[in-house]
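A structural walkthrough
Listed here are the chains, written in short residue letters.
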Amino acid sequence: MMVNSRKDSAIQGHAHEDAVTKDWRRRISDHLAYALLVYTALQIFVTMKQLKEMTSTTLPYLALIVLVAMIIPAARMLEKHWSELTDAEAFDPAQASRFKRDRIIIWVFAIGMPFVLAGIARLIAAF
């Protein structure tokens, strides 16, 4: 009898872990947090490289303005759908395709925007 209760407890614990890892709200927040870290790191790396090549010191300020003015509010808008999910919806497998789409959007912008901004800054500096 004791073995069965341990086994049942282990199975329930594993099911709970699966449910927790499938909480779309938590997962999208994690992706946004990591993407902002990656964005910031790339922004610093790309900015420092350009600062060595250019004499303009406006690039870091441009990057900061874009981060505050566009990236953070955009991330909050994207996260809004997920934060408003009910507990039942937060674990609904039907959300998987939207999660995948939003995750792709997050990472394309997190990785791509620093290079786009660097290109824009280089064009501005050229004129």
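Coordinates for the structure precede this section.
This text gives an overview of the structure that appears in the document.

Here is what the cut-offs are and how they apply
- Within each chain, residue numbers correspond to sequence positions counted from 1 in written order.
- Under the rules for a predicted model, residues below a pLDDT of 70 receive no local features and side-chain atom pairs below 80 are neither given nor counted, while totals for whole chains, interfaces and linings still include all residues.
- Side-chain measures were taken over the full set of non-hydrogen atoms in the model, leaving aside hydrogen atoms and water.
- Secondary structure elements are defined from DSSP: runs of H or I of at least 4 residues count as helices, runs of E of at least 2 residues count as strands, and each element is numbered from the N terminus.
- Each residue is assigned to one of three classes by its accessible area relative to the maximum for its type, calculated with a 1.4 Å probe on protein chains only: buried under 20%, partly exposed between the two thresholds, exposed over 50%.
- Here a residue-residue contact requires only that any non-hydrogen atoms of the pair lie within 4.5 Å.
- We define a salt bridge as a contact between a side-chain nitrogen of Lys or Arg and a carboxyl oxygen of Asp or Glu at a distance within 4 Å.
- Stacked, tilted and edge-to-face are the three classes applied to pairs of Phe, Tyr and Trp rings, where Trp contributes its six-membered ring and a pair requires centres within 6.5 Å; stacked means planes under 30 degrees apart, edge-to-face means over 60, and tilted covers the rest.
- Nine residue types can take part in a nonpolar core, namely buried Ala, Val, Leu, Ile, Met, Phe, Trp, Tyr and Cys, and a core is a set of them joined through side-chain atoms within 4.5 Å.

**Some points on the side chain of Gln43**
In this structure, Gln43 sits in helix H2 (residues 24–53). On the accessibility criterion, Gln43 (8% relative accessible area) is buried. Non-local contacts of Gln43, meaning those with residues more than four positions away in its chain, are made with Ala63, Pro114 and Leu117.

**Considerations on the pattern of salt bridges**
Considering all chains together, one arrives at 5 salt bridges under this definition. For Lys80, the salt bridge goes to Glu84, with nearest N and O atoms at 4.0 Å. The class of Lys80 is partly exposed, set by a relative accessible area of 48%. Here Glu84 falls in the exposed class, since its relative accessible area comes to 54%. Two residues, Arg101 and Asp102, come together in a salt bridge whose shortest N-O distance is 2.8 Å. Residue class for Asp102 comes out buried when judged on its relative accessible area of 2%. Salt bridges sharing partners connect three or more residues here, namely Asp23, Arg25 and Asp87.

**Observations concerning the packing of aromatic side chains**
All told, the structure shown has 2 aromatic pairs when counted by the stated rule. Ring plane angle 90 degrees and centroid distance 6.0 Å describe the contact between Trp82 and Phe99, whose orientation is recorded as edge-to-face. Residue Trp82 is located in helix H3 (residues 59–83), and its partner Phe99 is located in helix H5 (residues 96–126); the two are separated by 17 residues in the primary sequence. Judged by relative accessible area, Phe99 falls into the buried class, the value being 2%. Grouping aromatic residues by their ring pairs yields a cluster made of Trp24, Trp82 and Phe99.

**Some points on the nonpolar core**
Buried together is how nonpolar side chains tend to be arranged in soluble globular proteins. Judged by nonpolar contacts, the single largest core of 17 residues is most densely connected at Ile28, Tyr39, Val66, Ile71, Trp82, Ile106 and Met113. Secondary-structure elements contributing two or more residues to this core are H2, H3 and H5. Considering every element that reaches this core, the biggest residue donor is H3, with 6 residues. Every residue in contact with Trp82, bar those within four places of it in the chain, is listed here: Trp24, Arg25, Ile28, Gln95, Arg98, Phe99 and Asp102.

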